[in-house]
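# What the coordinates show
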Amino acid sequence: MPPPNHSHGLAPVPLAPVAVETPAAATRVDALFFLAVVGGAGWLVGIGVASAVDAGPGFWLLMAAAALVGAATLWRVGRVGLLLAGVAALALGGARLAAAQPHFDAGALAFYNGHAGVEVRGEVIAEPERSDTSLRLRVAARELVLDGQTRPVAGIVYVQTHRYPAVDYGATVSLRGDLDALESLGDDDFAAYLEQQGVYSVMEYPDVTVLATDGGSPVIRALLAIRARGRATLAAILPEPQASLLTGILLGDDSGLPRATGDAFKATGMTHLIAISGFNIALIVALLDRLIAPLLPRRTGALVIIVFLVFYTVLVGAAPSVVRAAIMGSAYLIGLRLLGRPTWALAGLFVAAFLMTLLNPNALWHLGFQLSFAATLGRLLCATPWSRQVDRGAEALLSPALARPVRRLLGEAVVVTLAAQVLVVPLLLYQFGRLSLASLPANLLVLPAQPAVMASGGVALGAGLLLPAVGRIVAVPAWLFLTYTLAVIDRLAAQPWASVPLHLSGSGLAAVYAAIGALTLLAMRDRDTGRTLAARLRLRPVPMAALGGAAVVVVLAVAWWTERPDGRLHVAFLDVGQGDAIFIQSPGGAQVLIDGGRYPSVLLDRLGEQMPFWDHSLDLVIATHPDDDHVAGLPEVVARYDVAQVITNGATADDAPAYAALLAGAAAVHVAAPGERID
């Protein structure tokens with residue numbers, strides 16, 4: 001299979017339908033390809049139209065039936081049959097959205113929104129989302145107790161509660177508090193997002209009681225356990241924020257990233273690095289294909305890869321970008337390996353969009369779905385013609401010796417990046433009203449390192465799962481590439497021009513997309529696909545490996561020299577926001593942490609700045625008293641670092657969940673005594 005191309009899709013394939021042996025067969029295949037695109041586009045447009053038209057499913061189904069009859073009758077008459085098929089798909093999309101509209105009666109949980117002092121009993125149906133200070137749950141309600149009466153209900157309630165004590169997926173819980181509508185959150189965008197997920201009720205900081213812990217799907221529980229072990233392994237073999245960044249890239253969980261780091265990625269337009277998408281899936285397919293090819297027949301190997309893609313998609317949370325990429329990857333393998341026909345990537349994109357919105361038509365309004373779809377569509381439509389223009393310009397203006405490196409640099413690093421962003425940027429301007437001027441230089445500097453990040457990070461994760469001590473050694477290359485990525489992002493985000501305000505109205509968005517469409521049609525007149533960009537980027541493996549190895553040795557030597565104990569006492573007062581945290585390193589290298597502030601991600605990030613990346617131990621952690629602004633950050637420290645001893649003032653853990661979590665996670669706890677000396 002061809003090597004992967006770029007960050008938003010699989011290996012490049014021809015944009016034009018591929019002809020097969022006979023003209024009749026070619027016509028048949030082309031019709032099917034065009035049907036996928038026209039039908040998929042019609043389906044998406046139908047969902048959009050139905051959101052603005054008050055019509056029931058019956059209206060749309062009658063319209064679809066009439067269009068289908070016309071399409072079947074006129075299928076062989078020019079393009080009329082294809083157009084009617086698109087109209088039928090539009091009507092079916094409208095019917096799907098109309099059928100998905102919620103209906104609230106006395107058996108629906110949302111029927112009781114606005115009631116105070118209720119009890120809701122149900123099951124946690126998704127992996128809890130943890131932040132520095134809170135825990136967010138999605139609970140499928142089964143019973144509601146109101147005014148002493150218990151009644152069966154159905155619906156999902158969004159719950160925001162304290163981070164401790166922990167609540168896991170599959171737990172049966174009792175929630176006592178106020179049941180409110182989503183408007184009580186005070187965030188219209190987030191409320192709309194929850195509605196798209198079928199959530200219409202919210203409870204903020206209710207009293208949570210865990211009644212049982214063995215619910216949910218055993219398969220999902222097993223996958224979440226694997227994901228949790230992966231998170232813990234990366235946290236054990238890498239410092240912060242490198243560990244959280246790699247966790248986002250490999251496992252789709254960026255919740256541990258400090259807010260400042262996340263803001264830097266947003267300012268530079270590089271959040272796609274920490275959101276698993278087509279780039280990740282393409283690399284996985286390419287790697288598995290090379291590993292499996294010598295062992296299994298082509299068809300069997302394709303089935304194995306497809307099964308793994310399904311497993312990986314569920315494991316990392318099944319975000320829209322991951323689902324879309326996994327469906328496209330599977331379509332690629334099915335068409336090429338199982339059916340013996342090359343697939344059309346554009347058709348695969350619309351098939352993926354159809355399947356996702358068939359399951360949940362409201363996914364069309366999910367910003368992640370829109371950005372993923374737009375980025376992939378832009379790359380598929382624009383990358384090839386733009387690259388050809390760059391090639392021709394370089395050959396016309398430059399000598400052959402100079403034209404080749406210019407084509408390499410501009411072709412992959414600039415053209416494909418711009419193609420992936422051309423449909424995304426207008427959408428971002430419409431949604432957020434800001435333009436990231438740092439996006440292009442950030443992509444140019446950071447994207448070339450990302451295959452190495454994924455490869456070295458994946459190897460380190462595998463080694464760490466088997467032997468943590470070995471994983472820390474193997475993780476050194478990953479640390480280098482992650483540190484480089486973070487340094488570039490932080491430096492660019494700090495520039496005053498990194499992000500500037502620029503808003504695009506709805507009509508402006510439509511006008512921009514119309515102009516892009518017209519220019520794209522002009523650029524696609526020449527359908528000669530040429531060679532793939534990946535084939536033009538061949539490098540000599542042996543010299544590059546030697547050069548890379550030498551660079552790694554030099555960087556590690558410098559890092560060790562600068563981070564070794566220097567015979568002096570160092571005291572750092574860490575900026576952890578609310579609360580205190582003091583890091584002390586003795587002249588001989590012993591390390592002490594006094595308190596940890598309120599926010600775990602901030603504390604871990606600050607510790608990563610103070611300690612060498614290979615150092616995962618603390619000699620002493622002192623919790624001066626159990627208030628959250630002093631100890632809420634420490635449970636994550638004892639979970640990620642080898643802490644020899646925790647010293648406390650002897651306070652009990654009553655009504656202090658974070659302090660209780662610290663005591664439960666500590667390997668050894670010592671209560672300080674007056675006059676005691678600690679060496």
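Going by the structure above, here's the rest.
What this report covers is the structure whose coordinates are included nearby. Residue positions within a chain follow its written sequence, with the count starting from 1. Totals for whole chains, interfaces and linings use every residue, but because this is a predicted model, local features are given only for residues with pLDDT of at least 70 and side-chain atom pairs only at 80 or more, for both listing and counting. Working from all heavy atoms in the structure, the side-chain values ignore hydrogens and water.

### Re the environment of Leu435
Helix and strand definitions follow DSSP, with helices as H or I runs of at least four residues and strands as E runs of at least two, each counted in order from the N terminus. Within the secondary structure, Leu435 is located in strand S9 (residues 434-436). Relative accessibility decides the category of a residue: with a 1.4 Å probe and only protein chains considered, values under 20% of the type maximum give buried, values over 50% give exposed, and everything between is partly exposed. Residue Leu435 is classed as partly exposed on the basis of its relative accessible area, which comes to 22%. What makes two residues a contact is simply this: any of their non-hydrogen atoms within 4.5 Å. Among residues more than four places away in sequence, those in contact with Leu435 are Val425, Leu429, Ala498, Ser499, Val500 and Leu502.

### Some remarks on the pairing of strand S7 (residues 199-204)
Whether two strands pair depends on DSSP finding at least two bridges between them. Pairing between strand S4 (residues 149-162) and S7: five bridges, direction parallel. Bridge pairing in S7 links Ile156 to Val199. Two strands pair when backbone bridges link them, and strand S6 (residues 180-181) and S7 are joined in this way by two bridges, in the antiparallel orientation. Directly across from Asp180, in S7, lies its bridge partner Val202.

### Some words on a nonpolar patch on the surface
Among the surface-exposed residues, Val351, Phe354, Leu355 and Leu358 lie close enough to one another that they form a single nonpolar patch of about 270 Å² accessible area. Within the element layout of this structure, Leu355 appears in helix H11 (residues 345-359). Patches were defined on residues exceeding 30% relative accessible area and lacking a salt bridge, with like-charge contacts within 9 Å and nonpolar side-chain contacts (Val, Leu, Ile, Met, Phe, Trp, Tyr) within 5 Å. Using a 1.4 Å probe, the Shrake-Rupley method yields the accessible areas, and only the shown protein chains count as cover for residues. We count a salt bridge whenever a side-chain nitrogen from Lys or Arg sits within 4 Å of a carboxyl oxygen from Asp or Glu.

### Regarding the pairing of S4
Where strand S3 (residues 134-146) and S4 come together, twelve bridges link them in antiparallel fashion. Bridged to Leu146 within S4 is Gln149. As consecutive antiparallel partners, S3 and S4 are separated by two residues, and within that stretch Asp147 has a phi angle of approximately 55 degrees, a positive value.

### Concerning the packing of aromatic side chains
Aromatic pairing here means that ring centres of Phe, Tyr or Trp (its six-membered ring) are within 6.5 Å. Orientation follows from the plane angle: under 30 degrees is stacked, over 60 is edge-to-face, and everything else is tilted. Applying the stated criterion across every chain yields a total of nine aromatic pairs. Ring plane angle 80 degrees and centroid distance 5.2 Å describe the contact between Phe111 and Tyr112, whose orientation is recorded as edge-to-face. We classify Tyr112 as buried; its relative accessible area is 5%. When the ring of Phe308 is compared with that of Phe311, the centres are 6.2 Å apart and the planes differ by 40 degrees; the resulting orientation is tilted. Linking Phe308 with Phe311, this pair stays in helix H9 (residues 298-315), spanning three residues, or about one helical turn. The class of Phe308 is partly exposed, set by a relative accessible area of 32%. Ring pairing ties together the aromatic residues Tyr158, Phe190 and Tyr193, which thus form one cluster.

### Some words on unusual backbone geometry
Here the amide bond leading from Tyr164 into Pro165 is cis, since omega sits at 0 degrees, within 30 degrees of zero. You can see Pro165 is positioned in the loop between S4 and strand S5 (172-177). A cis amide bond links Glu240 to the next residue, Pro241, at an omega of 0 degrees. The topology assignment puts Pro241 in the loop between helix H5 (218-237) and helix H6 (242-251). Non-glycine residue Tyr205 carries a positive phi angle of around 50 degrees. Position of Tyr205 among the secondary structure elements: in the loop between S7 and strand S8 (207-212). Of note, the phi angle at Asp595 is positive, near 65 degrees, even though the residue is not glycine.

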